[in-house]
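# Tertiary structure, described
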Amino acid sequence: MSDPPFRSDPVEGPQGPPAVDVATLRAAFSGRLLTDAADMAPFLTDWRRKWTGRALAVVQPDTTDDVARAVGWCRAHRVAVVPQGGNTGLSGGATPDETGRAVVLSLARMNRVRSIDRENNTIVVEAGVTLQRLQEEAKQAGRLFPLSLAAEGTCTIGGNLASNAGGVQVLRYGNARDLCLGLEVVTAEGQVWNGLRGLRKDNTGYDLRDLFVGSEGTLGVITAAALKLFPQPAAQVAAFIAVPSPREAVGLLQAAQQRIGPALTAFELMSDTCIGLVEKHVAAARLPLAERSAWYVLLEVSDSQDEAHAQAAVEALLEGALEERLATDAALSASLSQFKALWSLREDISESQGAEGKTVKHDISLPVSRIPDFIETTGAAIRREFPGLRLVVFGHLGDGNLHYNLSPPEGATAADAARFVGLEGALNRRVHDAVVENGGSISAEHGLGVLRRDESARYKSDVELNLMRAVKAALDPLNLMNPGKVLP
Ligand SMILES: Cc1cc2nc3c(=O)[nH]c(=O)nc-3n(C[C@H](O)[C@H](O)[C@H](O)COP(=O)(O)OP(=O)(O)OC[C@H]3O[C@@H](n4cnc5c(N)ncnc54)[C@H](O)[C@@H]3O)c2cc1C
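The sections below set out a description of the structure shown in this document. (Residues numbered from 1 in each chain as written. Predicted model: local features only at pLDDT ≥ 70, side-chain atom pairs only at ≥ 80, totals over all residues. Heavy atoms only, no water.)

Looking only at helices and strands, the chain has 18 helices and 18 strands in total. Computed over its C-alpha atoms, the radius of gyration of the chain comes to 24 Å, within 12% of the 23 Å expected for a compact globule of 488 residues. Projected onto its principal axes, the C-alpha positions of the chain cover 75 × 60 × 45 Å. Buried residues in the chain amount to 51% of all 488 residues. (Helix = DSSP H or I, 4+ residues; strand = E, 2+ residues; numbered from the N terminus. Rg over C-alpha atoms; globule rule 2.2 N^0.38 Å. Buried < 20%, exposed > 50% of the residue type's maximum accessible area, 1.4 Å probe, protein only.)

Taken together, 34 residues form the shell around the ligand, and within it Pro 83, Gly 85, Thr 88, Gly 89 and Thr 156 come nearest. Protein chains shield 92% of the accessible area of the ligand, which is 970 Å² for the free molecule. The set of elements that each furnish at least two residues to the shell around the ligand consists of β3 (80-84), α5 (157-162) and β10 (220-228). No other element matches α5, which puts 4 residues into the shell around the ligand. Residues of the shell around the ligand, tallied by class, amount to 14 nonpolar, 18 polar and 2 charged. (Near = heavy atom within 4 Å. Areas by Shrake-Rupley, 256 points an atom, 1.4 Å probe, with all protein chains shown as cover. Nonpolar A, V, L, I, M, F, W, Y, C, P; charged D, E, K, R; others polar.)

Taken as a whole and judged by the stated rule, the model has 29 salt bridges. Residues Asp 210 and Arg 209 are paired through a salt bridge, measuring 3.7 Å at the closest nitrogen-oxygen approach. Shared partners join several salt bridges into a network, and the residues in it are Arg 32, Asp 62, Asp 66, Arg 69 and Arg 109. (Salt bridge = Lys/Arg side-chain N within 4 Å of Asp/Glu carboxyl O.)

If you look at the biggest cluster of nonpolar residues, it comprises 46 residues, and the most contacted ones within it are Ile 241, Phe 267, Val 297, Leu 299, Phe 374 and Leu 402. It is helix α9 (residues 246-260) that contributes the most residues to this core, 6 residues altogether. If we skip the residues at most four places from it in the chain, Phe 374 touches Ile 364, Leu 366, Gly 379, Leu 402, Tyr 404, Val 431, Ala 434, Val 435 and Asn 438. (Core = buried A, V, L, I, M, F, W, Y, C linked by side-chain atoms within 4.5 Å. Contact = heavy atoms within 4.5 Å.)

Another aspect to go through is the state of the cysteines. Under the counting rule described, the total for this entry stands at 0 disulfides. Cysteine Cys 155 is unpaired, with the sulfur of Cys 180 as its nearest cysteine sulfur at 15 Å. Overall, Cys 155 belongs to the buried group, its relative accessible area being 4%. The buried category is assigned to Cys 180, whose relative accessible area is 2%. (Disulfide = S-S within 2.5 Å.)

In this structure the tally under the stated criterion is 4 aromatic pairs. Here Phe 374 and Tyr 404 contribute two aromatic rings whose centre-to-centre distance is 5.4 Å and whose plane-to-plane angle is 70°, an arrangement assigned as edge-to-face. On the criterion of sequence distance, the pair formed by Phe 374 in helix α14 (residues 371-385) and Tyr 404 in strand β18 (residues 401-407) is long-range, its members being 30 residues apart. Overall, the relative accessible area of 0% leaves Phe 374 in the buried class. Its guanidinium or amino end placed over the ring of Tyr 459, Arg 458 lies 4.5 Å from that ring's centre, counting from NZ or CZ. (Phe/Tyr/Trp six-rings, centres within 6.5 Å; stacked < 30°, edge-to-face > 60°. Lys NZ or Arg CZ within 6 Å of the ring centre and 35° of its normal.)

A cluster of nonpolar residues, Tyr 206, Leu 208 and Leu 211, forms a patch on the protein surface that exposes about 340 Å² of accessible area. Relative to the helices and strands, Leu 211 is located in helix α8 (residues 208-212). (Patch = residues over 30% accessible without salt bridge, like charges linked within 9 Å, V, L, I, M, F, W, Y side chains within 5 Å.)

Regular strands place their side chains on alternate faces of the sheet. Where burial is concerned, most of strand β6 (residues 122-126) is hidden: 5 out of the 5 residues are buried. Here β6 shows a buried face lined by Thr 122, Val 124 and Glu 126 and a second buried face lined by Ile 123 and Val 125. As defined by bridge partners, strand β5 (residues 113-117) adjoins β6 across 4 bridges and the pair is classed as antiparallel. For Ile 116, the partnering residue across the bridge sits in β6 and is Ile 123. Between β5 and β6, which follow one another and run antiparallel, lie 4 residues, and Asn 121 among them has a positive phi close to 55°. By the bridge criterion, 5 bridges tie β6 to β10 in an arrangement that is antiparallel. In the strand pairing of β10, Glu 126 is matched with Ala 224. (Pairing = 2+ DSSP bridges.)

Structure below.
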C-alpha cells in the first residue's frame with residue numbers, strides 16, 4: 001500500500017508473537033471498537049454455538065473508508081481480519097480462531113441503500129444491509145429481489161455474497177452469485193476496488209467479482225454490491241404433492257419444467273420422517289393430504305398474469321402427474337395463508353429436527369439425475385452400518401441440493417446420544433464419499449469455513465487446490481484475510 005494510515009508498531013510480548021496494542025485503532029474508531037469480553041461475546045460464537053474464538057477487538061466501521069483504515073491497521077500490525085455480517089453462517093467462517101490475534105470486522109453498521117435504478121433493474125447496497133431489508137426496498141420500488149432463506153431477517157447481503165448463499169428460489173433466479181452484477185471490495189492491502197458496475201455484459205478480463213463471491217472473507221472485504229432486480233410476480237401458488245419415491249419426484253420435476261417453464265420458482269423434496277418431526281414439534285402443522293406418503297414435493301409457481309392462471313398451470317401438471325403415477329395426491333394453496341402454511345411444513349424441518357436433540361448434517365449437491373440412486377444406496381448403507389439412526393432427508397431437489405441429515409434413534413438415552421455424536425466423523429466420511437462417487441459436492445450452499453475445509457481438500461485434486469492457493473497468495477500474500485478458513 002502506498003500510503004499506510006498506520007505505522008507498524010508491534011510490542012514484544014513475553015513469549016510467542018509480539019503483543020499488539022489496539023490504542024491507535026481505538027482512537028480511529030472511538031465507540032465503535034469493542035474490547036470488553038462481554039461486549040465482544042456475541043461476535044465470537046457462531047449461530048449454532050459450535051465454535052467460539054477470541055479476538056483483539058471487534059471493529060464496527062460505518063463507511064468503506066473506515067473498512068480500508070481498519071484493514072490497513074491490521075496489515076501494518078500483521079493482525080488477521082475476520083469479516084462478519086449477520087453471523088448466521090453454518091460453517092464457522094465468521095468466527096475467529098483461538099489465538100486472540102484477530103480483529104473481527106462487523107459490517108452490520110454499513111447498511112445504506114446507495115441507489116436504485118428501476119429501468120436497469122439494479123440496486124446498489126452496502127454489505128451490512130440485511131437480506132430482508134433488501135427484499136423490502138426492492139418491493140417498495142415495485143421490484144423483486146429473489147434471494148430468500150430462513151435467516152433473512154439477520155443475515156446480510158455481504159455475508160450472502162461471501163458465502164454464495166442459495167435458499168429456496170435458486171431454481172428460477174440462481175444463487176447469490178447469479179444475482180450479483182458488481183462489487184466494491186477493500187483488498188487485503190487496504191485499497192478500495194470499485195467494481196460496482198450494473199452491467200449484464202462485461203467481458204473485460206478476469207472476473208474479479210466472481211473471485212470475491214463465495215470466498216468467505218478470505219480474499220477481501222465486500223463493502224457494497226450492485227444486484228439484479230426482477231419484476232414482481234402477479235401471483236404465487238404452492239402445491240404439496242405426495243410422491244412414491246425420489247425417482248417419481250425427479251420425473252415430476254422434468255414434467256414441471258417442461259409444462260410450467262421459468263414460472264416454476266421452487267421444487268423441494270422431503271421425506272415423511274421430516275414431516276412427522278414438524279407435526280410433532282410445531283403445534284399448527286398439519287399434513288394437508290388424506291393419506292401419508294413416503295415422500296412429498298413442495299413446488300411453487302410465480303405467475304406474471306394472475307392467480308387463476310397459476311392455479312390452472314399447476315392443476316394441468318398435477319392431472320398428468322397423477323395419470324402417469326408420478327404423484328398420488330396433492331393439495332394446492334388457494335390463499336396467502338394456505339401458501340404460507342404449506343411452506344411452513346418445509347421451512348420448519350430444520351428447527352423440528354433440532355428439537356429432537358443432536359443432529360449430524362450434510363449440505364450436499366448432486367446431479368439431479370443421480371439423486372434417486374444416491375438416496376436409495378446411501379440410505380441402505382447407513383441403515384446397515386449404523387442401525388437405528390434416523391435419516392432426515394430434504395432439500396432443494398430442483399437445484400440438486402439435499403440436506404442429508406441424521407438424528408439418533410427415537411427415544412435415545414443420553415448414552416445413545418453421546419455415541420451418536422462420536423459417529424459424526426464416520427458418518428461424514430460415509431456420506432461424502434458417496435457424494436463424490438456420484439459426481440457431487442460436499443458443500444452446496446453453506447460454504448467450507450472451518451467445518452468442511454479439510455474434508456474438501458481431501459476430495460479436491462492437487463491441481464485445483466494449487467490454483468486456489470495461488471489465488472489466495474496473489475490477493476492476500478500475508479495470509480491476513482480470515483486465515484484458516486476455506487483452505488487448510
Ligand atoms: C436458520 C438458517 C437458515 C439458513 N438457510 C440457508 C439457506 O437456505 N441457504 C443458504 O445458502 N444458507 C443458509 N443459511 C446459512 C447462510 O450462509 C447464511 O445465513 C448467510 O448467507 C450468511 O450471511 P451472514 O451475513 O450471516 O454472514 P456471516 O455468518 O457473518 O459470514 C459468513 C461468511 O462470510 C464472510 N463474510 C461476511 N460478511 C462479509 C463481507 N462483507 N465481506 C467478506 N466476507 C464476509 C464471513 O467471514 C464468513 O466466512 C442459513 C442459516 C441459518 C441460521
